[in-house]
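Listed below are the residues making up each chain.
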Amino acid sequence: MRKIAIAGNPNSGKTCLFNSLTGGNQRVGNYPGVTVEFVEGFTSINGKKNRVVDLPGTYSLTAYSQEELVAREYIINKSPDVVVNVIDASNLERNLYFTSQLVELNIPMVLAVNMLEIAEKKGITVDLKRLSELTGMKVVRITANRGMGMEELKKACLETIEKHILPKPIAYSHELQNILPRLEEMVSGSAELCGRFPARWVALKLLEDDSHLLEKVWRIEGGEKILKALESSRHELLDHSNEDAVTAVAEARYGFASGLSREVAVMTDVGKQQVSDIIDRIVCNRVLGPLVMCGIVYLLFLFTFGLAEELKWLPDFNGGWLSPTEMCELFFAKLSSLAKMTISVPWLLSMVDEGIISGVGGVMSFVPLIFFMFFFIAVLEDTGYIARVAFIMDRLLRVFGLQGKSVLALIVSGGLGGGGCAVPGVMATRTLRDEKDRILTVIAAPFMNCGAKMPVYAMLIAAFFSSSQGAMMFLLWLLSWAFALFSAWMMRKIVFKGEQTPFVMELPVYHVPTLKGVFLDAWGRTCMYMKKAATIILAMNVILWALMYYPGVDSTRFDAARAAAEGNQEMLVKIDNDEALARLENSFAGRIGRAMTPVTHLAGFDWRENIALIGGMAAKEVVLGTMGTAYAMGSDGAEENLPQLLASQPDWNKLRAFALLVFIMGYAPCAATLVAIKKETGKWRWTIFSAVYSTVLAFVVSVVIYQVGQVFFH
Amino acid sequence: MNLAEVPEGRKVKVLKVAGARDIKQRMLDMGVMPAAEIKVERYAPLCDPIHIKLKGYSLALRVSEGRNVEVEYC
């Protein structure tokens, strides 16, 4: 099968082109060893199937970022039959700078010129025929977001492959032309160094101080000679042009790019105010900018929760209406009652109903929310607004070792004070290009108050702080930000010490996203989440269920009591509660809970909270249910609710409740979030780190609160 | 004078780009290089990063990075 790779600048319409070519029929994967995303699909040319790969969007092909390394290694090692270089006609010069680097790789290429309409609005007309003549490549006009020019592009690809059309080599500046042949000859002698890479490219990259290739030079025989030659070449450049090699090479490439763009493009009325500039004057304004941002984030939540949870806009086929979330819940409730009807073996029923259905159902009920969240985030991303949010927030977040774009993940995770979910939050860190920034944000995001922590907070607040509910919620909101920012700050101090990542970011021209593009993006990410729920999360739920169910209790005692209480409904409920409690107490989770008390009592938790907190590792709302079971002992169930029950316990007080609240806020992310963390960081190391780090941090804070509180209040 | 000292709305020409290797390379890749003409559009609400315009597109870069770019008015 033929391989077609799509390469180009970010925001050049690469992904649009990919979707148009493949019809959204795609599969998302990761490049081996790194977290850079890899999208692959298929397109047919003359009835033959071709593999299409969307390379990460980059401005260059250096060794400084994972994306750029991946893009260049792919082009060389996987040797695609043709590389389609997408060019944004409204940013011709910078796009051709990237083109020059692809040309250096000496591979069959096609230029797909996109956004000519936008360029025309900016007063730029591009002569595509001339561009083709000068570069020696096929040039095709496309309108990627509307799928125009696809047939022509396919034809050009086919011809380029069949005739093996290579781009014309670029003659750089005199100074470089003097040096390059000599270096080329030296490196071409070493198969180890060049491999499949063209010698000229290797020579240029070495001049540029490319760390990846320099490492190889160190290892090979005769490497020292090459290093010496490099050193003298750099000196020569400095003497002749008064520039260091890195600048000289970049200047040579930009020289080519601007020369070419002057040849093929005609610019009229340059300097005219563009619509984007006018929008930026409001959106990036010192005073209005932050206000607009708050408004847009508020709308994001309003729409997401409205469409997913509050508005009942789906028919329930019974004459009524349901929200998508209710629809999901109804489905799993139906499934649960079906299981109760058909399965008679108690342990199997318990596993299927409580372990699988309620576990996976709980996770799946977030699917509508996650879909709409992704949908609106994709809208914000595609319009170009996210880059502005990063611009506005960067300074503030940098204090804590994060960067501008981190704010989105924190907000989606529940940073606005309730609602939200860390799963899409963690997944939203994908817009962070730097790995360290991404890991820091991924670790900080789960501290936010997500929707699942809310019912637990509500219960504890109702029990102990009923007179100041609003103030408590506000305090918890402040604390969640304090936790997240402090954790990031600590990690920057300890784990990623002294490493600052450059923040040179393009603020793309605003444009209207297409419904199809946004939908495909949101749907792709939602599918990934569902796939995880059906596999890893399911397994984790079954394990946690087993911990809380086995080894079980001798039920003869309870059966006897049930027989004695025949007909007395109240008594029967009480016996059921007692049995559930006895089972929980005797379970592995119960034993672990008891074993942990010597440590956890420092923060005021006894074995019952310990079990609930272990259960909460599956999903935070489980804490509530488990505490309900654990404290139902001796009560007759129906009359007293959990807040009243807790408030009436002699050994419970505000301090204990508060320490527990703080711990629940901070401790290990739920199973679904951990899976998302694994996905985004690509490493189990960071997943385990996140769970341990947040638990330790939350525990230390809770112990301090509890111990200091006791000194003051007793 | 460096880029971080230029007031909003002024146009400058780049003389030299210094700084750590990766940051410098990134700036060069984005077109911030000797002889490039840059307009400082605005500073963010907390006076950092800087929003600049060059070759027809917009970039945001931090003040700490702007200090590595030597410029003169044009």
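So, how was this worked out
- Residues numbered from 1 in each chain as written.
- Chains lettered and ligands numbered in written order.
- Predicted model: local features only at pLDDT ≥ 70, side-chain atom pairs only at ≥ 80, totals over all residues.
- Heavy atoms only, no water.
- Helix = DSSP H or I, 4+ residues; strand = E, 2+ residues; numbered from the N terminus.
- Buried < 20%, exposed > 50% of the residue type's maximum accessible area, 1.4 Å probe, protein only.
- Contact = heavy atoms within 4.5 Å.
- Areas by Shrake-Rupley, 256 points an atom, 1.4 Å probe, with all protein chains shown as cover.
- Lys, Arg positive; Asp, Glu negative; His and termini not counted.
- Charge placed at Lys NZ, Arg CZ, Asp CG, Glu CD.
- Pairing = 2+ DSSP bridges.
- Buried area = accessible area lost by both parts, 1.4 Å probe.
- Salt bridge = Lys/Arg side-chain N within 4 Å of Asp/Glu carboxyl O.
- Polar contact = N/O pair within 3.5 Å; in protein donor to acceptor, adjacent residues only side chain to side chain.
- Core = buried A, V, L, I, M, F, W, Y, C linked by side-chain atoms within 4.5 Å.
- Axes fitted to C-alpha atoms, helices over the stretch in contact; angles between N-to-C directions.
- Parallel < 35°, antiparallel > 145°, perpendicular 65-115°, else oblique.
- Left-handed = near helix turned anticlockwise from the far one by under 90°.
- Nonpolar A, V, L, I, M, F, W, Y, C, P; charged D, E, K, R; others polar.

Q: So what's going on with the overall build of chain A? Which residues, and what values?
A: If you tally the helices and strands in chain A, you get 33 helices and 12 strands. Referenced to the eigenvectors of the C-alpha coordinate spread, the extents of chain A come out at roughly 100 × 60 × 55 Å. Out of the 714 residues in chain A, the part that is buried amounts to 55%. Taking the contacts inside chain A whose residues are at least 6 apart along the sequence as the reference set, 72% of them involve residues at least 24 apart. Accessible area for chain A stands at about 30600 Å²; split by element, carbon and sulfur atoms hold 62% of it. Looking at charge distribution, chain A has the averaged site of its 68 positive side-chain charges lying 3 Å from that of its 70 negative ones.

Q: Explain the pairing of strand β12 (residues 504-507) of chain A residue by residue, including any values.
A: Of the two faces of β12 of chain A, the one lined by Val504 and Glu506 of chain A and the one lined by Met505 and Leu507 of chain A are each fully buried. When β12 of chain A meets strand β4 (residues 57-61) of chain B, the two strands line up antiparallel, connected through 4 bridges. Across the sheet, methionine 505 of chain A pairs through a bridge with alanine 60 of chain B, a residue of β4 of chain B.

Q: An account of the interface of chain B and chain A is requested, with residue identities and associated values reported.
A: Contact residues are listed per partner, giving 35 residues for chain B and 44 residues for chain A. With both sides pooled, the region where chain B packs onto chain A buries about 3700 Å², and carbon together with sulfur makes up 56% of that total. Scanning the region where chain B abuts chain A turns up 8 salt bridges. The shortest N-O distance in the salt bridge between aspartate 277 of chain A and lysine 53 of chain B comes to 2.8 Å. Along the contact surface separating chain B from chain A lie 17 residue pairs in polar contact (both at pLDDT 80 or more). Where the side of chain B that touches chain A is concerned, the elements lending two or more residues are α1 (21-29), β2 (37-43), β3 (50-54), β4 and α2 (63-66) of chain B. With 9 residues, α1 of chain B is the single largest residue contributor to the side of chain B that touches chain A.

Q: Could you give an account of the nonpolar core, with specific residues and numbers?
A: Judged by nonpolar contacts, the single largest core of 128 residues is most densely connected at Leu460, Tyr529, Met627, Leu646, Trp652 and Leu661 of chain A. Of the residues forming this core, the biggest block, 12 residues, is contributed by helix α17 (residues 367-383) of chain A. Dropping the residues within four chain positions of it, tryptophan 652 of chain A is found in contact with Leu460, Phe464, Glu609, Met627, Tyr631, Leu646, Ala657 and Leu660 of chain A. Membership of the second largest hydrophobic core comes to 94 residues, among which are Tyr59, Ala248 and Ala265 of chain A together with Val63 of chain B.

Q: Run through the packing of helix α9 (residues 199-207) of chain A against helix α12 (residues 245-264) of chain A, naming residues and quoting values.
A: Residue and element names in this part refer to chain A. Remark: α9 packs on α12, axes separated minimally by 8 Å, with the N-to-C direction vectors making an angle of 130 degrees. By the angle class used here, α9 and α12 are oblique. Contacts from Leu204, Lys205 and Leu207 in α9 reach Ala245, Val249 and Arg253 in α12.

Q: So what about the packing of helix α14 (residues 288-310) of chain A against α17 of chain A? Which residues, and what values?
A: Residue and element names in this part refer to chain A. Relative to each other, α14 and α17 sit at 145 degrees, their axes nearing to 8 Å. Every pair of crossing elements has a handedness; the one defined by α14 and α17 is right-handed. Every residue of α17 that contacts α14 at Ile296, Leu300, Phe301, Phe303, Thr304, Phe305, Leu307, Ala308 and Glu309 is listed here: Pro368, Leu369, Phe372, Met373, Phe376, Ile377 and Leu380. Among the residues making up the contact of α14 with α17, the classes are represented as 14 nonpolar, 1 polar and 1 charged.

Q: Please set out the sheet that holds β4 of chain B residue by residue, giving values where relevant.
A: Each strand in a sheet pairs with its neighbour through backbone hydrogen bonds, running either in the same direction (parallel) or in the opposite one (antiparallel). Overall, antiparallel pairing links the 6 strands, which are arranged β12(A)-β4(B)-β3(B)-β2(B)-β1(B)-β5(B) in an open sheet. The open sheet is flanked by β12 of chain A together with β5 (69-73) of chain B, the only strands paired with a single partner. Across the sheet, the mean angle separating the axes of adjacent strands is 40 degrees when strand polarity is ignored. Direction of pairing for β3 of chain B relative to β4 of chain B: antiparallel, over a ladder of 5 bridges. When the sheet's bridge partners are listed, lysine 53 of chain B is paired in β4 of chain B with serine 58 of chain B.

Q: Before we move on, could you go through the pairing of β2 of chain B and cite the residues and values that matter?
A: Most of β2 of chain B sits inside the fold, with 5 of its 7 residues counted as buried. Following β2 of chain B, the chain reverses through 6 residues before pairing antiparallel with β3 of chain B; cysteine 47 of chain B in that reversal takes a positive phi of roughly 65 degrees.

Q: With reference to specific residues and values, describe unusual backbone geometry.
A: With an omega dihedral of 0 degrees, the bond running from tyrosine 550 of chain A to proline 551 of chain A counts as a cis peptide bond. Looking at the element boundaries, proline 551 of chain A is found in the loop between α24 (515-549) and α25 (556-564). Going from aspartate 48 of chain B to proline 49 of chain B, the amide bond is cis rather than trans, its omega being 0 degrees. Of note, proline 49 of chain B is situated in the loop between β2 and β3. A positive phi is found at asparagine 11 of chain A, a non-glycine position, where the angle reads about 65 degrees. Note that asparagine 11 of chain A resides in the loop between β1 (2-8) and α1 (14-22). On the basis of relative accessible area, asparagine 11 of chain A is assigned to the partly exposed category, the value being 43%. Even without being a glycine, asparagine 106 of chain A presents a positive backbone phi close to 55 degrees. Given the relative accessible area of 43%, asparagine 106 of chain A is considered partly exposed.

Q: Outline the environment of leucine 111 of chain A, listing residues and values.
A: All names here are of chain A. Its place among the elements puts leucine 111 in strand β6 (residues 109-114). For the pair leucine 111 and tryptophan 523, spaced 412 residues apart in sequence, the C-alpha separation works out to 30 Å. Apart from residues no more than four positions distant in its own chain, leucine 111 is found in contact with Asn85, Ile87, Thr99, Leu131, Thr135, Met137, Lys138, Val139 and Val140.

Q: Which residues make up α14 of chain A, and what values do they have?
A: Within the span of α14 of chain A, buried status applies to Gly289, Met293, Val297, Leu300, Phe301, Thr304, Phe305, Gly306 and Ala308 of chain A. Along its buried surface, α14 of chain A packs onto α13 (275-283), α15 (324-342), α17, α18 (385-398) and α19 (406-415) of chain A.

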